[in-house]
Amino acid sequence: ELKVEQNPLFLSMQEGKNYTIYCNYSTTSDRLYWYRQDPGKSLESLFVLLSNGAVKQEGRLMASLDTKARLSTLHITAAVHDLSATYFCAVGRNNNDMRFGAGTRLTVKP
Amino acid sequence: GAVVSQHPSRVICKSGTSVKIECRSLDFQATTMFWYRQFPKKSLMLMATSNEGSKATYEQGVEKDKFLINHASLTLSTLTVTSAHPEDSSFYICSARDLQITGELFFGEGSRLTVL
């Protein structure tokens with residue numbers, strides 16, 4: 001059974017600081033997703049990573065994928081308050097759906 | 001990107017009534033849609049996979065008779081919560097895959113169900 005572990009679950013950062021969220025998964029998959037969720041809202045797609053070594057960047061967020069280690073990271077650079085949200089990683093399954101990590105609740109403080 | 005629309009976004013109902021939630025792919029066709037449930041401050045839990053023209057595939061522990069899923073067309077899947085009880089109160093989210101775009105699922109806005 002595919003298991004997805006995300007850490008940390010809670011993250012409080014000062015503005016301007018850097019941090020990394022980790023996503024480990026238990027079985028082979030070639031699709032790794034990162035989503036953002038604001039309170040009371042649905043999911044916003046951030047990144048889709050489809051191959052080993054894939055790296056994608058958008059603004060202050062950068063995601064990478066190591067399929068051999070079954071690890072993806074979401075790196076936050078020079079955090080700003082607007083990045084406060086819950087971030088989920090999700091790993092694709094063969095039947096095209098996905099399993100979600102528990103989520104990382106990020107709070108960026110001034 | 002592709003758009004998936006859910007309706008209603010919020011619904012409040014009395015115990016014992018049934019509630020239908022619609023999930024539509026607005027600008028693409030989706031042979032498969034997925035229904036998730038999310039409790040407050042928790043992650044998304046897959047409930048079932050909705051297949052156009054055939055029966056849905058339910059995850060272990062999800063009651064088929066409680067959560068009826070119909071996928072009658074390539075752009076519409078419905079989730080009906082039958083004989084709703086307060087413990088069914090939750091945030092329900094659907095997703096669909098655009099076959100033209102490799103690997104990506106698009107999510108609806110979510111439907112918040114409150115059963116009194």
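Conventions we followed
Residues numbered from 1 in each chain as written. Chains lettered and ligands numbered in written order. Predicted model: local features only at pLDDT ≥ 70, side-chain atom pairs only at ≥ 80, totals over all residues. Heavy atoms only, no water. Phe/Tyr/Trp six-rings, centres within 6.5 Å; stacked < 30°, edge-to-face > 60°. Helix = DSSP H or I, 4+ residues; strand = E, 2+ residues; numbered from the N terminus. Buried < 20%, exposed > 50% of the residue type's maximum accessible area, 1.4 Å probe, protein only. Pairing = 2+ DSSP bridges. Axes fitted to C-alpha atoms, helices over the stretch in contact; angles between N-to-C directions. Contact = heavy atoms within 4.5 Å. Buried area = accessible area lost by both parts, 1.4 Å probe. Salt bridge = Lys/Arg side-chain N within 4 Å of Asp/Glu carboxyl O. Polar contact = N/O pair within 3.5 Å; in protein donor to acceptor, adjacent residues only side chain to side chain. Nonpolar A, V, L, I, M, F, W, Y, C, P; charged D, E, K, R; others polar.

(A) Region of interest: the packing of aromatic side chains. A complete count under the given rule lists 9 aromatic pairs over all chains for this structure. Measuring from ring centre to ring centre gives 6.2 Å for Phe88(A) and Phe100(A), while their planes differ by 85°; the resulting arrangement is edge-to-face. Linking Phe88(A) in strand β9 (residues 85-92) with Phe100(A) in strand β10 (residues 98-100), this pair joins segments that are 12 residues apart in sequence. Residues Phe88(A) and Phe100(A) agree in their burial class; the two are buried. An aromatic cluster is defined as three or more aromatic residues linked by ring pairs; in this entry it consists of Tyr33(A), Tyr35(A), Phe88(A), Phe100(A), Tyr36(B) and Phe107(B).

(B) The arrangement of the sheet that holds strand β8 (residues 76-81) of chain B in detail. Residue and element names in this part refer to chain B. With antiparallel pairing, 4 strands are arranged side by side in an open sheet as β1-β3-β8-β7. If you trace the sheet from one side to the other, it starts and ends with β1 (4-7) and β7 (67-73), each paired once. On average, each strand axis in the sheet is tilted by 15° relative to the strand beside it, whichever way the strands run.

(C) Here's a closer look at the interface of chain A and chain B. Contact with chain A, which involves 22 residues of that partner, is made by 22 residues of chain B. Interface area, chain A with chain B, both sides summed: about 1,600 Å², of which 51% is carbon and sulfur. Across the contact surface, chain A and chain B share 1 salt bridge. In this structure, Arg99(A) and Glu59(B) form a salt bridge, with 3.0 Å as the shortest nitrogen-oxygen distance. Linking chain A with chain B are 4 residue pairs in polar contact (both at pLDDT 80 or more), by the criterion used here. Going through the elements one at a time, β4 (32-37), β5 (43-49) and β10 of chain A are the ones with two or more residues in the side of chain A that touches chain B. The residue makeup of the side of chain A that touches chain B, split by class, is 9 nonpolar, 7 polar and 6 charged.

(D) Inspection of unusual backbone geometry at higher detail. Following Asn7(A), the chain continues into Pro8(A) via a peptide bond in cis, with omega recorded as 0°. Within the secondary structure layout, Pro8(A) lies in the loop between β1 (4-7) and β2 (10-14). Across the junction of His7(B) and Pro8(B), the peptide omega takes the value 0°, indicating a cis bond. Structurally, Pro8(B) can be placed in the loop between β1 and β2 (10-13). Unlike most non-glycine residues, Arg70(A) shows phi in positive territory, near 55°.

(E) Up close: the side chain of Ser95(B). Topologically, Ser95(B) is positioned in strand β9 (residues 90-97). Not counting residues within four places of it along the chain, the set of residues in contact with Ser95(B) comprises Thr32(B), Met33(B), Phe34(B), Tyr36(B), Leu105(B), Phe106(B) and Phe107(B).

(F) Just the pattern of salt bridges, in detail. All names here are of chain A. Under the criterion given, the structure shown has 4 salt bridges over all chains. In this structure, the salt-bridge partner of Asp38 is Arg36, at a minimum N-O distance of 3.0 Å. The class for Asp38 is partly exposed, based on a relative accessible area of 25%. What makes Arg36 buried here is its relative accessible area of 15%.

(G) Expanded view of the pairing of β9(A). All names here are of chain A. Most of β9 sits out of view: 8 of its 8 residues are buried. Residues of β9 alternate between two faces, with Ala85, Tyr87, Cys89 and Val91 on one and Thr86, Phe88, Ala90 and Gly92 on the opposite face, all of them buried. Across 6 bridges, β4 lies against β9 in antiparallel orientation. By the bridge assignment, Arg36 is partnered in β9 with Tyr87. Summarising the sheet, β9 and strand β11 (residues 104-109) pair through 3 bridges and their orientation is antiparallel. By the bridge assignment for β11, Tyr87 is matched with Thr104. In this sheet, β10 lies alongside β9 in antiparallel orientation, the contact comprising 3 bridges. For Val91, the partnering residue across the bridge sits in β10 and is Arg99.

By themselves, these are just geometric observations and shouldn't be taken as functional.
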